[in-house]
Amino acid sequence: MGYAYPTEAHFGRAVTPREYEELTAPHTPDGLIGHPGMDPLVYADSTIHGVRVRPGRDALVRGLRWVSGDNDQLLLDPNTTSGSTRIDLIVVRATRNPWNAGLAVVKGVAESNPVAPAPTYGTNTATGVWELPVAEVLVPYNTSSTATLGAGQVTPKAWYVGADGQLLCTAATRPPHEAGRIIWQTDSHTMYISSGSTWWPIATRPILPGRTTITPRANSATSTYVNFPAGLFTAAPKVVATADTETIGDQVKGVAVSDISAERFRLWIYRSNTQPTSINWIAVQS
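Report follows, based on the coordinates.

1. Overview of the side chain of Gln-285
You can see Gln-285 is positioned in the segment after β21 (277-284). A relative accessible area of 8% places Gln-285 in the buried class. Leaving out residues up to four positions away in the same chain, Gln-285 has contacts with Arg-205, Pro-206, Leu-232, Phe-233, Thr-234, Ala-235, Ala-236 and Pro-237.

This is the structure we're talking about:
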């Protein structure tokens, strides 16, 4: 007849860790919590042979919420293979039986042309691990006991979970494929859907909203140039703007845009006084 849980009939509504993962993981996205524009979770500062972890940062992994500590760090094994380089992978790892989550290092192979190890996306909820990639760390050959790792040796690889549960990433930090999975790629302002093996764009027109404040000259047209992120637009977009004010027609006589290109546009305001004025605008690829 089967059974349902959590119910009184099934062990008095008690839920095992395995059942908890099976209940929550299908509708709880995995990822660091936040936005790709945040400072990376882990970084190197040339003080240890490893990475430091920013405090108070969160991740969702298979229904578990992990929070970084105040002074976390991960030390990496030295690379003593002459003529080689190694790439290690930093992950937030959910372990099963016993169930827990925490940072871990997946050690790579030292060779002349190294590749980073792949994270494990274990689907067996009774055992094994599921790993959220956080960063790749380049570990050069060095036998010194005082060797350290610098900022340029750490490459972020994490995607993020936004405020509404959306998956946010860059071109270099996309999550694994799952048919029907939707992502928002922040560096190109493009939405994609996975076929299971290919990411297909479903919102191909880059859109960029913005807000710019101008301190005008009284009774004179005042302008400023607004720059777009490099490479966002391939041609001059359409730009519309409106002043964030209740004094239209009284103090604010007009708002306009001109000199629009793929790189920037000129934003204008005409006001009867010198009150700094915020102007909301949006640019859409033609």
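2. Observations concerning the pattern of salt bridges
Under the criterion given, the structure shown has 10 salt bridges. For Glu-22, the salt bridge identified is with Arg-18, shortest N-O distance 3.3 Å. Here Arg-18 and Glu-22 lie together in helix α1 (residues 17-24), a separation of four residues that amounts to about one turn. Taking the relative accessible area as the measure of exposure, Arg-18 reaches 37% and is therefore partly exposed. Taken together, the shared-partner salt bridges in this structure form one network comprising Glu-21, Arg-62 and Arg-96.

3. A few points about the sheet that holds strand β3 (residues 50-53)
Read across the sheet, three strands follow the order β2-β3-β6 without closing on themselves; strand pairing throughout is antiparallel. Of all the strands in the sheet, the pair left with one neighbour each is β2 (42-43) and β6 (73-75). Relative to β3, β2 runs antiparallel, the two sharing two bridges. Paired with Tyr-43 across the bridge in β3 is Arg-52.

4. A short note on the nonpolar core
Val-42, Ile-90, Leu-132 and Val-137 are the most contacted members of the largest nonpolar core, which has 34 residues in total. Elements with a minimum of two residues in this core: β3, β4 (58-61), β7 (85-95), β9 (129-140), β11 (160-161) and β12 (167-169). Broken down by element, this core gets its largest block of residues, six residues, from β9. Ignoring sequence-local partners within four residues, the contact set of Val-42 consists of Val-51, Arg-52, Val-53, Ile-90, Val-134, Ala-135 and Val-154. The next biggest cluster of nonpolar side chains, apart from the first, holds 16 residues, and it includes Val-226, Phe-228, Phe-233 and Leu-267.

5. Observations concerning the packing of aromatic side chains
This structure, assessed with the given rule, holds six aromatic pairs. Plain terms: the ring middles of Tyr-121 and Trp-130 are 5.0 Å apart, the flat faces sit at 50 degrees to each other, and that makes the pair tilted. With relative accessibility at 29%, the residue Tyr-121 sits in the partly exposed group. Taking relative accessible area as the criterion, Trp-130 reaches 8% and is therefore assigned buried. Judged by centre distance (5.2 Å) and plane angle (70 degrees), the rings of Phe-265 and Trp-281 are edge-to-face. Residue Phe-265 is located in strand β20 (residues 264-271), and its partner Trp-281 is located in strand β21; the two are separated by 16 residues in the primary sequence. On the basis of relative accessible area, Trp-281 is assigned to the buried category, the value being 8%. Through a chain of ring-to-ring contacts, the aromatic side chains of Phe-228, Phe-233, Phe-265 and Trp-281 assemble into a single cluster. When the ring centre of Tyr-192 is taken as origin, the NZ or CZ atom of Arg-174, which lies over that ring, is 4.7 Å away.

Thresholds applied
Residues numbered from 1 in each chain as written. Predicted model: local features only at pLDDT ≥ 70, side-chain atom pairs only at ≥ 80, totals over all residues. Heavy atoms only, no water. Helix = DSSP H or I, 4+ residues; strand = E, 2+ residues; numbered from the N terminus. Buried < 20%, exposed > 50% of the residue type's maximum accessible area, 1.4 Å probe, protein only. Contact = heavy atoms within 4.5 Å. Salt bridge = Lys/Arg side-chain N within 4 Å of Asp/Glu carboxyl O. Pairing = 2+ DSSP bridges. Core = buried A, V, L, I, M, F, W, Y, C linked by side-chain atoms within 4.5 Å. Phe/Tyr/Trp six-rings, centres within 6.5 Å; stacked < 30°, edge-to-face > 60°. Lys NZ or Arg CZ within 6 Å of the ring centre and 35° of its normal.

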